[in-house]
Amino acid sequence: MSSRQRIVVVGGGVIGLSVAWRLAASHEVTLLDPTPAVGASWVAGGMLAPVTESWPGEEDLLDLGSASLESWPAFAEAVGVPLQTEGTIAAALDSADAAVLDMLADHLASRGREVRRLTGPELRAADPALGPSIRSGLIVPGDLAVDTRELLRRLVDLAREAGVAFDPRSAAAVRPGAVVLTDGATLGCDTAVIAAGAWSSALHSALEGLVRPVKGEILRLRVRPGVVPLRHTVRALVESRHVYLVPRPGGELVLGATQYEAGFDDEVIVGGVRDLLVDAERVLPGLAEYGLTECAAGLRAGSLDNLPLLGRLEPGVLVAAGHHRNGLLLAPITAEVVNALVAGEDPPASAAAADPARHARTKR
Ligand code: GLY
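Predicted, not measured: the structure shown is a model, and the values here were computed from it.

Novice: So what exactly am I meant to see when it comes to the overall build of the protein chain here?
Specialist: For the protein chain, the count of helices and strands is eight helices and 20 strands. What you see for the protein chain is a C-alpha radius of gyration of 20 Å, in line with the 21 Å of a compact globule of 364 residues. Dimensions of the protein chain, computed from C-alpha atoms along their principal axes, come out at roughly 60 × 40 × 35 Å. With 364 residues in all, the protein chain has 56% of them scored as buried. For the protein chain, the accessible surface area stands at approximately 14500 Å², while carbon and sulfur atoms represent 52% of it. A gap of 1 Å separates the mean positions of the 33 positive and 44 negative side-chain charges of the protein chain.

Encoded structure:
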């Protein structure tokens with residue numbers, strides 16, 4: 001169907017907003033969310049880093065993320081947000097951490113990805129804010145980063161300008177031809193897109209058990225006068241724990257993120273904050289001199305295999321959820337996939353593995 005459709009997008013995080021904005025060029029779009037542009041997207045660090053987030057066995061995710069990364073410069077230009085292009089440093093603290101990074105570098109090299117292995121002193125020469133405890137690491141030149149909050153504000157404005165109607169009601173269920181609201185009303189539509197992040201599973205029986213909340217705490221800091229600022233995004237392994245540091249041009253430093261299964265609990269816990277600070281200070285000794293501006297927690301939309309669910313659940317019902325650690329990164333390609341499906345075209349080949357049909361219980 002390529003004619004103008006009535007489309008309801010359920011969920012106004014970075015995925016729902018990107019999808020709604022893209023579809024509004026050709027369709028009548030309603031975005032359903034009582035609080036758009038908050039939730040996991042608002043908390044996210046903004047690393048666009050398929051390579052340093054990759055892991056052996058997750059090659060489909062690496063390919064999908066790399067395809068989306070290629071779309072990011074044009075997407076960012078269209079949205080009107082700058083990208084940070086300094087690349088990512090992956091840093092290892094102890095010998096076990098270094099062994100993990102070596103394994104990752106071998107894996108990436110076998111997939112034809114560009115990574116440079118550096119010693120601790122070489123890393124400190126590349127970024128003098130890094131501490132002497134760093135043993136070794138990798139530099140990944142192609143990774144990007146974006147200010148998530150600036151992006152979300154722009155997406156809301158652009159979606160409104162493109163004619164997206166923001167409806168503050170909540171969805172209870174999605175079925176062909178209608179979205180059922182929590183107040184009992186229904187919104188008729190030709191196509192519904194489930195983009196409700198960690199809340200997506202409850203909206204359609206085919207998604208039951210396929211998407212779950214994965215809690216993450218994150219801190220926002222501000223560099224103060226006299227402190228040597230970090231230049232690169234750093235993703236570090238500190239005695240087997242992960243921590244990342246994303247500096248922004250204005251002096252903000254985003255420090256993340258814990259990851260644990262806590263259901264829909266989104267309270268910031270002292271132990272999570274302590275672990276982030278202790279680990280990050282090993283990477284960045286100047287950390288104690290930063291101002292602390294925010295502690296927040298978000299709920300990622302975890303899937304069973306860490307790949308998102310991008311595709312058709314049944315006629316007139318699409319899903320774009322389960323982006324887990326990669327919602328920001330995968331926003332452009334997700335919008336492209338949904339746009340292609342709505343237009344009755346084939347989505348990009350790199351998204352084939354993300355088709356929800358891979359899960360036996362999913363209906364088509
Ligand atoms: N992409 C980083 C995170 O989910 O914490």
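Novice: How should I be thinking about the sheet that holds strand 1 (residues 6-10) in this particular structure?
Specialist: Hydrogen bonds between backbone atoms are what pair the strands of a sheet, whose relative direction is either parallel or antiparallel. Strand order in the open sheet formed by six strands is 9-2-1-13-20-19, and the pairing between neighbours is mixed. Taken across any chain shown, the strands that pair with only one partner, and hence form the sheet edges, are strand 9 (165-167) and strand 19 (309-314). Neighbouring strand axes in the sheet, compared pairwise and without regard to direction, differ in orientation by 20° on average. The sheet contact formed by strand 19 and strand 20 (residues 317-321) spans five bridges and is antiparallel.

Novice: Whenever I open this one, the packing of aromatic side chains confuses me. Can you help?
Specialist: The relative placement of two aromatic rings is captured by the distance of their centres and the angle of their planes. Under the counting rule described, the total for this entry stands at three aromatic pairs. Note on Trp72 and Phe75: the rings are 5.0 Å apart at their centroids and 85° apart in plane angle, and the pair reads as edge-to-face. A residue pair is termed a helical-turn pair when its members lie 3 or 4 positions apart in one helix, as Trp72 and Phe75 do in helix 3 (residues 59-79) at three residues. Take Phe75: its relative accessible area is 10%, and that puts it in the buried class. Cluster of aromatic residues (ring-pair linked, three or more members): Trp21, Trp72 and Phe75. Between the NZ or CZ atom of Arg160 and the centre of the ring of Phe166, over which it lies, the distance is 4.3 Å.

The rules behind these values
- Residues numbered from 1 in each chain as written.
- Predicted model: local features only at pLDDT ≥ 70, side-chain atom pairs only at ≥ 80, totals over all residues.
- Heavy atoms only, no water.
- Helix = DSSP H or I, 4+ residues; strand = E, 2+ residues; numbered from the N terminus.
- Rg over C-alpha atoms; globule rule 2.2 N^0.38 Å.
- Buried < 20%, exposed > 50% of the residue type's maximum accessible area, 1.4 Å probe, protein only.
- Areas by Shrake-Rupley, 256 points an atom, 1.4 Å probe, with all protein chains shown as cover.
- Lys, Arg positive; Asp, Glu negative; His and termini not counted.
- Charge placed at Lys NZ, Arg CZ, Asp CG, Glu CD.
- Pairing = 2+ DSSP bridges.
- Axes fitted to C-alpha atoms, helices over the stretch in contact; angles between N-to-C directions.
- Phe/Tyr/Trp six-rings, centres within 6.5 Å; stacked < 30°, edge-to-face > 60°.
- Lys NZ or Arg CZ within 6 Å of the ring centre and 35° of its normal.

Just geometry here; none of it tells us what the structure is for.
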